[in-house]
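Structural features, examined
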2 protein chains.
Amino acid sequence: MKNNHRYCVIMCGGIGSRFWPYSRTSRPKQFLDILGTGRTLLQMSYDRILPMVPAENILFVTNEIYAPLIREQLPEVSEDQILLEPARRNTAPCIAWAAHHIAALDPEASMIVTPSDHLITRETLFQESVLAGFDFVEKNDALLTLGIKPSRPETGYGYIQIGEPFVNGINRVKTFTEKPNAELAKVFLDSGEFFWNSGIFLWSARSIKQALERHAPDVEGVFQQGEGLFGTPAERKFIEENFPGCMSISIDFAVMEKADNVFVEPVEFGWNDLGTWSSMRDNSPKNRDGNVTHNCEGLIYNSTGNIFAITDRKLVVVDGLNDYIIADTGDVLLICPIAEEQRIKQMVNDVKLKFGEKYL
Amino acid sequence: MKNNHRYCVIMCGGIGSRFWPYSRTSRPKQFLDILGTGRTLLQMSYDRILPMVPAENILFVTNEIYAPLIREQLPEVSEDQILLEPARRNTAPCIAWAAHHIAALDPEASMIVTPSDHLITRETLFQESVLAGFDFVEKNDALLTLGIKPSRPETGYGYIQIGEPFVNGINRVKTFTEKPNAELAKVFLDSGEFFWNSGIFLWSARSIKQALERHAPDVEGVFQQGEGLFGTPAERKFIEENFPGCMSISIDFAVMEKADNVFVEPVEFGWNDLGTWSSMRDNSPKNRDGNVTHNCEGLIYNSTGNIFAITDRKLVVVDGLNDYIIADTGDVLLICPIAEEQRIKQMVNDVKLKFGEKYL
């Protein structure tokens, strides 16, 4: 039996600009089958949570332009499970709204908050970790984050340094650390004290509301004005009028790095934030020739290590090309060495300067 | 005043497979603005002839599937100027039919026969050469071919060795020579005796019919059965029933290399058969960055010497790519080093083996 007080908030409003043009403003990464599994990242996120949380308690917070994509990809989800943000305001306002909404439905609720565009493997371990996390935050006034045991000196992630053990399997947090340089990342890895910050959180609705009130009163204040409206037909109008007035700030910066009741559960399931083309390549099945091909038939000669990310099915014939991103999406064709992928952000800026929003 | 006995036959039934997938069976090279001039190669061929031949005497011989493309690109051309082949049978049957058709309209006709997918520059010289050629074949029972003065030791073309001068500016032909190796091509160039075989011919309708009768009776015999039907409403049915039975053979092999009344007019206008991607690149206007871009907006970084041949207008963003063909045509994307373009033919075969006609 699933615990009816348990909720899940799947955040799926990001625009995935690092995967431009495969990921477009109109259909970001989480709505794509970016790993070629037959399910989009959003669908995989939903599938992963479903065994642990009652289906009707799984909520989606996203920008209102993505509502049709959620309905299309998860037709079993009802309208009142989808919270539509009228503006992009980063994770703190998103989580504050969800917490008020859930608390109105169930004051005793606990919740997991998760991104929708990451890869998680070894799902049995994931489920054990999440269930242990629920148990912990239901018994303690605690803000819990899942810390991934690092497998390599990754410089692209944030790290959490664990402090003293609090209960079995859960530690206090000593520090949050931004992306380290290669040398420091090696030290982090060797120390055994540092874990990757997964962006997956658990807490009770009560605890996160209290923490927001203490550490981010500007954000929390907006939602307190709507007390009594959440979970009612008046909620939507209230959000449309007041949400855009929230400051844009991340939950890490607004709460996690300030609160003193922050805990970390070190976990060992496989995790990748799929934040780069190279991580996508590393996590995707490859053809015999060592290329990743999404949505295309390929005749590939003397070429390896490429990613072909095609949105309309297409025949791709390639000779003599190695370690490139080839993204073809109807009105845009991008060809760029994977080693230069950090330049794509600048390219997108150039496209915006030259052509406006048309190709974003 | 244009001479009303003069006719032009523009052959435009080829499928341009060396430019696959930019050139497709459904829209071959001659129907594309392959040089980015605003006019397709077919339109340029028509424009070039129009000052010399009455408009209604310009005929088009093509496969019946291309009739809509001719109507679209040359709306001023009437239906009875388009001869539709029910099957592909190379140039000898095509020319034999055109000769019978023209002779039925005007027994005193002279005609120029020209491909539709070549580039010609210095058009004033072209016109002077063609007018001199018409004068010659109207006074002599002669099969005349235009020989281009070579500007480099090209190994991709056939050559004509000139014999003794016959009249001013026109010589007998000594030999036809296939594509030479590099060493031989250099000898040809230095000798001053060898000219490129342009595939542009002039003759009277009477002379070519006689030559066909003598040297290619199998082909000519088919059309002699239709005597009395050419230029009448019964012509179409006769062609549909009999043309497919013709053997497939080129006019060079069937007639030119055998006849003894073959002459060459050495000419000095600019000519390129646009038979390869690299010749297309050499003859196309380039961007500041040294790339050729057809039908696309380009943001091009650290890249030069590429050809972007796109059939649907598209934004192309490229980093770190040099001397490649990038052809994007709706359902096919080809990326291939220009230096490897001779491999494209094999790739097209592979595509056909794997997918059938779908992508051809």
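Right above here is the structure, for reference.
Since the model is a prediction, treat every value here as computed from it, not as a measurement.

Take the packing of aromatic side chains next. Residues and elements named next belong to chain B. Across all of its chains, the model carries 36 aromatic pairs over all chains by this definition. Aromatic pair Phe136 and Phe166: ring centres 6.0 Å apart, planes at 85°, arrangement edge-to-face. Within this pair, whereas Phe136 is found in helix α4 (residues 123-139), its partner Phe166 is found in strand β7 (residues 159-167), the two being separated by 30 residues in sequence. For Phe136, a relative accessible area of 5% translates into the label buried. With 5.8 Å between their ring centres and 80° between their planes, Phe230 and Phe238 make a pair best called edge-to-face. A relative accessible area of 5% means that Phe230 is categorised as buried.

Bringing the packing of helix α3 (residues 91-105) of chain B against helix α6 (residues 205-215) of chain B into the picture now. Packed helices, taken two at a time, are described by their axes: the angle between them and the distance between them. Residue and element names in this part refer to chain B. Remark: α3 packs on α6, axes separated minimally by 9 Å, with the N-to-C direction vectors making an angle of 135°. Judged by the angle between their axes, α3 and α6 are oblique. By crossing handedness, the relation of α3 to α6 is classed as left-handed. Across the interface between the two elements, Ile95, Ala96, Ala99, His100 and Ala103 from α3 touch Ala205, Ile208, Lys209 and Leu212 from α6. For the contact of α3 with α6, a count of residues per class yields seven nonpolar, one polar and one charged.

What follows concerns the pattern of salt bridges. Taken as a whole, this structure holds 37 salt bridges over all chains when the rule is applied. With a shortest N-O distance of 2.9 Å, Asp135 of chain A and Arg6 of chain A are connected by a salt bridge. Note that Asp135 of chain A is positioned in helix α4 (residues 123-139) and Arg6 of chain A in strand β1 (residues 6-11), a separation of 129 residues in sequence. One salt bridge in this structure joins Arg343 of chain B and Asp319 of chain A, with 3.3 Å as the shortest N-O distance. Here Arg343 of chain B is found in the loop between β15 (332-337) and α11 (344-355), whereas its partner Asp319 of chain A is found in strand β13 (residues 307-319) on a different chain. According to the relative accessible area criterion, Arg343 of chain B is partly exposed, its value standing at 27%.

This part takes up the relation of the copies chain B and chain A. For the match of chain B to chain A, the screw axis carries a shift of 0.0 Å, the RMSD comes to 0.1 Å, and the turn is 179°. Here the copies are linked by what is in effect a two-fold axis. The rotation axis passes nearest to the C-alpha of Gly330 of chain B in chain B, at a distance of 3.9 Å. Both copies contact each other with a shared surface, as 100% of the interface residues of chain B are interface residues in chain A too.

This paragraph deals with the interface of chain B and chain A. Contacts between chain B and chain A engage 33 residues on the former and 33 residues on the latter. Carbon and sulfur atoms supply 60% of the area that chain B and chain A bury against each other, a total of about 2,800 Å² over both sides. If you look at where chain B meets chain A, you find four salt bridges. Summed over the shared surface of chain B and chain A, the result is 20 residue pairs in polar contact (both at pLDDT 80 or more).

Reading the values: the criteria
Residues numbered from 1 in each chain as written. Chains lettered and ligands numbered in written order. Predicted model: local features only at pLDDT ≥ 70, side-chain atom pairs only at ≥ 80, totals over all residues. Heavy atoms only, no water. Phe/Tyr/Trp six-rings, centres within 6.5 Å; stacked < 30°, edge-to-face > 60°. Helix = DSSP H or I, 4+ residues; strand = E, 2+ residues; numbered from the N terminus. Buried < 20%, exposed > 50% of the residue type's maximum accessible area, 1.4 Å probe, protein only. Axes fitted to C-alpha atoms, helices over the stretch in contact; angles between N-to-C directions. Parallel < 35°, antiparallel > 145°, perpendicular 65-115°, else oblique. Left-handed = near helix turned anticlockwise from the far one by under 90°. Contact = heavy atoms within 4.5 Å. Nonpolar A, V, L, I, M, F, W, Y, C, P; charged D, E, K, R; others polar. Salt bridge = Lys/Arg side-chain N within 4 Å of Asp/Glu carboxyl O. Least-squares fit on C-alpha atoms with pLDDT ≥ 70 in both. Buried area = accessible area lost by both parts, 1.4 Å probe. Polar contact = N/O pair within 3.5 Å; in protein donor to acceptor, adjacent residues only side chain to side chain.

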